[in-house]
Amino acid sequence: MHASHFNRKTLAIALLASSSLVAATPAFAEDKTDDGDAIIVTAQKREQNLQDVPASVTALSTKKLEDLQVNELADMVKFLPSVTIQTAGPGFSQVYFRGVSSGENANHSASLPTVGTYLDEMPITTIQGALDIQAYDLARVEALAGPQGTLYGASSMAGTVKMVTNKPDMTSTYGAVDLELNQVQHGGVGGIAEGFLNLRLTDTVAARLVGWYRHDAGYIDNIPGCRTYPSSGIEQCNTAYAKDDYNDADTYGGRLALGIDLDDNWTLRPTVMGQIQKVHGTFAQERSSAVTKDYQTVQYNYEYSQDKWLQAAMTIEGKLGNWDLVATGGQLWRQDETYQDYSDYAFFYDSYYHSLDPASGYLVYDNDGNQISPNQYIQGTDRYRKSFGEVRISSPADAPIRFIGGVFAQRQTHYITQHYIIDGLADESDDPDQRVEVPGTVDNIWLTAQKRVDRDLAAFGELSYDLTDKLTLTAGGRIYYYKNSLEGFFGFAGADYEGPSTVSGAPYDVFDKATSDTGFIHKLNATYKITPDVLVYATWSRGFRPGGINRRGTLPPYGPDTLDNYEVGWKTQFGPITFNGAIYQEDWKHIQLSFLGANGLTEIRDAGIARIRGIEGDLSFHEGGLTLGISGSYNDAKITRDFCEIANADFDCTTPGNSLLAPAGTQLPVTPKIKGNALARYEFPIGDWKGHIQMAISHTGKRRNDLRPDINAIVGNLAAYTTADFSLGFDTGAYRAEIFATNLFGSKGVVNSSTQCDETICGDVGDFAPGGGVFYDTLIKPRLIGIKVGADF
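Residues numbered from 1 in each chain as written. Predicted model: local features only at pLDDT ≥ 70, side-chain atom pairs only at ≥ 80, totals over all residues. Heavy atoms only, no water.

All right, on to the packing of aromatic side chains then. What the rule picks out here adds up to 27 aromatic pairs. Centre to centre, the rings of Y118 and Y152 are 5.0 Å apart; their planes meet at 85 degrees, and the pair counts as edge-to-face. In this pair, Y118 is assigned in strand β6 (residues 115-119) and Y152 in helix α3 (residues 149-152), connecting sequence segments 34 residues apart. The same class applies to Y118 and to Y152, which are both buried. Aromatic ring contacts, followed pair by pair, group Y342, Y345, Y349, Y352, Y353, Y362 and Y420 into a single cluster. Across the ring face of Y152, the terminal group of K45 is positioned such that the distance to the ring centre comes to 4.7 Å. (Phe/Tyr/Trp six-rings, centres within 6.5 Å; stacked < 30°, edge-to-face > 60°. Helix = DSSP H or I, 4+ residues; strand = E, 2+ residues; numbered from the N terminus. Buried < 20%, exposed > 50% of the residue type's maximum accessible area, 1.4 Å probe, protein only. Lys NZ or Arg CZ within 6 Å of the ring centre and 35° of its normal.)

Dropping the structure here:
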């Protein structure tokens, strides 16, 4: 039955995804800071000049994040030409690199993301996707395109995003405060208050305290509406929930970090960071119809979500002779609470069954035998706990033979509780065909109470050898073991019994399954430095994503999928001009495709093989106060074998009981073939002050919604869109001010389309439901105009 879709309506189940990331330093990535110093990154787990890293890496510094008005993950991705994002709203987003997207619905019981997310040294990837961290006081964001499995492991199959915080500084005490006031088109007034304080406590101890608060004004209106359930004639209206600017959000959090030098060789870095995000309403509009217009929806139940998380980590850095040692570990606690409208499910199934038989419908009754409204809503709680540890050593970086290697372990436990509620539902009945509440619940027609555990162990290493002073060869590998399990209850009352449950809230277990595997992935690289400023490289690397459990008892566990990357790239710098790029082919095998099967229950099937061929590049010019940049990517991502309902080694969809879901040559969904950015910034003196003016443009091409042509024809394609941002300001050295506008021309770009249930029911445009189906389109944020002021002290 109930599953999740990518919009705020089924937020607890769903999360989002999308495709395609990063050029070889694409999208205005900086190769130098403003004072001319090289950007240092840790993409390969040791400090290196960005231009010396033989891989496709983007690094956005503190200043660049500020210049581009980046507050959250969606803002960042806009300026990465090989990345696409799908989002259900704040706190519910996933990214995909280079077109590696199958359009999965990211159900809580489905596949892990294909992109790994790190906060400093700690992996913070959850099934829900990346933490939506406020982008303040970050030293940089590093985006690593292509498989990063040897150093970063499971779920870095397509790439890795690292958010690196500013460390405590022991040289002095200082800080900053920044304020913003803004107004969103079609909506209200929002703002941001954030600041940090760096405290020099002694010559060897420092602390850094960071805090932030952000209010995002709403711009979706929940307009008044009514509808009548055909089988009962019961009318439902949303008068109690109708509201303008329905989708406002508040985000607040902080970070406390310590830096402790024990001596010249050993340093401790404990950190605690947390955030709470409260969101009202939905970030999706109903596709324009006779009832709704742009930025409008009609929702019949209360909608709200709260995403709160706390991360505690410790990193120890030291020396063993002339080798470096890093030991790091941490804990992540995350809890989401969601309230979601699910009335479309009830209404459209009621309409569908009633159209087949006027005496039928989505029929539910109370304890007195009276037929009641099947209106349905969801109350959900997802609780995560992730523990991780890694110990690694690395040889001197200036030696002709260099090694980095270590061991890694992590365990993530996810407690999933979702109550699908029909108010007044009978708790028992003599009629075996009548739906009653799940035992131990109040008015739950369906309950999900599960415990999911994902475990990973690995040993990894990379060895580099300077064959000459220009040619370096690198070989790396990772031996991994994973074991993933899922147990608990999901279903209606009367589901099959398998003994008492150890899962909180579950009346009994209907399943208790586990799957595990051991394997090896590799990386081979050759790098040639033609001159100190011109580098070319070739890489063959492999990434993987662990397998898992299908809840539907008739389906077996799904195995791991893999991504082989064949890439040649270049990094060049000629005075003020930098030109970087890469050409690649990626072969994706045993694709884990999740979609809604019978009764809306998520299924994960092997969708076979896909091939992504692409090119990405970045050209920038920086001299004096003028910076110009243009970057873009082209990704041709398609499946190369027929996708059958029942997978087999021959990809033969004509076998008994089988059917063709998508033919070979079908484009992967959610991924534009073309995506690009352009930037122009000019900084100029105003007496002793520094002024600036900036214009940035981002374009995202047309995308499919679903891999399966029949379903994509129902939901429709995602149209191309272009946004433009503008800013003008000054900086006195101690004070700064800026006026800005994002999405200046009010583009209505759609990043996701969905329905509340099976697209052939909730999205059907036939005659069985009055007015046809309801589609929900999640839009990019409309035009935002604001003013920012800040001060350093």
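Additional details are given in the paragraphs that follow.
Moving on, we come to the nonpolar core. Membership of the largest hydrophobic core comes to 80 residues, with the highest contact counts inside it found for V95, I124, I133, W588, I639, F643 and L668. With five residues, strand β8 (residues 138-145) is the single largest residue contributor to this core. Each residue touching F643, except ones within four places of it in the same chain, is listed here: L593, F595, R605, D606, A607, C653, S659, L660, L661, A662, L707 and R708. Among the nonpolar cores identified, the runner-up in size contains 36 residues, and A346, I378, V438 and Y508 belong to it. (Core = buried A, V, L, I, M, F, W, Y, C linked by side-chain atoms within 4.5 Å. Contact = heavy atoms within 4.5 Å.)

The next subject is the sheet that holds β8. Strand pairing in a sheet takes place through backbone hydrogen bonds and is either antiparallel or parallel in direction. The mixed open sheet is built from five strands, whose spatial order is β3-β8-β9-β6-β7. Either end of the sheet is taken by a strand with one partner, and the two such strands are β3 (57-61) and β7 (122-123). Pairing of β6 with strand β9 (residues 159-165), which is carried by five bridges, proceeds in the parallel orientation. Bridging from a neighbouring strand, V115 pairs with G159 of β9. (Pairing = 2+ DSSP bridges.)

A separate point is the side chain of R736. Tracing the sequence through the fold places R736 in strand β39 (residues 735-742). Among the polar contacts listed, one links the side chain of R736 to the side chain of D178, at a separation of 3.0 Å. Residues within four places of R736 in sequence aside, it is in contact with A176, V177, D178, F730, D731, K788, V789, G790, A791 and D792. (Polar contact = N/O pair within 3.5 Å; in protein donor to acceptor, adjacent residues only side chain to side chain.)

To continue, consider the sheet that holds strand β41 (residues 776-779). Reading across the sheet, the three strands line up as β18-β41-β40 and stay open at both edges, with antiparallel pairing between neighbours. The open sheet terminates on both sides in strands that have one partner only, identified here as β18 (284-286) and β40 (750-754). This sheet shows a mean twist of 30 degrees between the axes of neighbouring strands, independent of strand direction. Judged from the three bridges that link them, β18 and β41 form a sheet pairing that is antiparallel. Across the sheet, the residue bridging to Q285 is D777, located in β41. (Axes fitted to C-alpha atoms, helices over the stretch in contact; angles between N-to-C directions.)

This next bit is on the state of the cysteines. Among covalent bonds in proteins, the disulfide is the one between the sulfur atoms of two cysteines. Per the counting criterion, the structure on display carries two disulfides. Here C226 is linked by a disulfide to C237, with a sulfur-sulfur distance of 2.0 Å. Since a negative S-S torsion denotes a left-handed disulfide, the C226-C237 link at about 110 degrees is right-handed. Taken together, the positions of C226 in strand β14 (residues 226-228) and C237 in strand β15 (residues 235-237) put the pair 11 residues apart, joining distant regions of the chain. (Disulfide = S-S within 2.5 Å.)

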